[in-house]
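Okay, here's what each chain looks like letter by letter:
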Amino acid sequence: MNPTSLGLVIAIAIAVAGVWTLSRERAPPPTTVAGLPDLPADLVPPPMVEVVLPASFTPTEVMGERAFTTFCAACHGSNAAGLEGIAPPLVHRIYHPAHHSDEAFHIAARNGVRAHHWRFGNMPPIEGVTRAEVTTIIAFVRALQRANGIE
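Residues numbered from 1 in each chain as written. Predicted model: local features only at pLDDT ≥ 70, side-chain atom pairs only at ≥ 80, totals over all residues. Heavy atoms only, no water.

### So, the overall build of the chain
Let me state the cut-off plainly: Comment: elements are numbered from the N terminus, with helices defined as DSSP H or I runs of at least four residues and strands as E runs of at least two. Relative accessibility under 20% of the residue-type maximum defines a buried residue, over 50% an exposed one, and the middle range a partly exposed one, all with a 1.4 Å probe and only protein chains included. In this description, contact between two residues means that some pair of their heavy atoms is separated by no more than 4.5 Å. Note on areas: Shrake-Rupley with a 1.4 Å probe; residue coverage comes only from the protein chains shown.
Secondary structure summary: the chain contains 5 helices and 2 strands in total. Going residue by residue from the N terminus, the α and β elements of the chain occur as α-β-β-α-α-α-α. The buried share of the chain, reckoned over its 151 residues, is 30%. Residue pairs at least 24 apart in sequence account for 66% of intrachain contacts in the chain once pairs closer than 6 positions are excluded. Accessible area for the chain stands at about 9800 Å²; split by element, carbon and sulfur atoms hold 62% of it.

Here it is as structure tokens:
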């Protein structure tokens, strides 16, 4: 094989290898919320409380549910039911509005929280969440609390 043909064969092989590498399906990297990796469904800890859902949500509460799912659910569980061994339920009498005001939720998201009611460790600040998104999250959590007799 002459040097030109050899060079052409090598170039084609490199191109094919590159296309193959780029076209392979890759699993997305695990995402994290508050430093916890996504877990396969069979490894997700059980919820700490049973949450009754309200009959309906306001538009603000629906936006809050979406934001909660994005920023909070990996630790606090679906519908704020908590995850055993990970983070507490927010649908709990401890988070009654008279004990944890809406501003306390804003401060927690912005600055994090030192552990004081539960033994899960400190909650880190939540990166990327805006004050407006936290406001909608609070509306969602308060709707869940009301539906569960926490007013």
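### Describing the packing of aromatic side chains
To keep things clear, this is the line we draw: When two rings of Phe, Tyr or Trp (its six-membered ring) have centres within 6.5 Å they constitute a pair, described as stacked for plane angles under 30 degrees, edge-to-face for angles over 60, and tilted for the intermediate range.
Tallied over the entire structure, the rule returns 4 aromatic pairs. Considering the side-chain rings of F68 and F140, the 5.6 Å spacing of their centres and the 55° angle between planes classify their relative orientation as tilted. Of the two residues, F68 is situated in helix α2 (residues 59-71) and F140 in helix α5 (residues 131-147); the sequence distance between them amounts to 72 residues. Here F68 matches F140 in class, with each residue buried.

### Some words on the environment of A73
Mapping A73 onto the fold places it in helix α3 (residues 73-76). Here A73 falls in the buried class, since its relative accessible area comes to 19%. Along the chain, A73 and L83 lie 10 residues apart, while their C-alpha atoms are 9.0 Å from each other. Here A73 is in contact with F68, S78 and L83, once residues within four sequence places are set aside.

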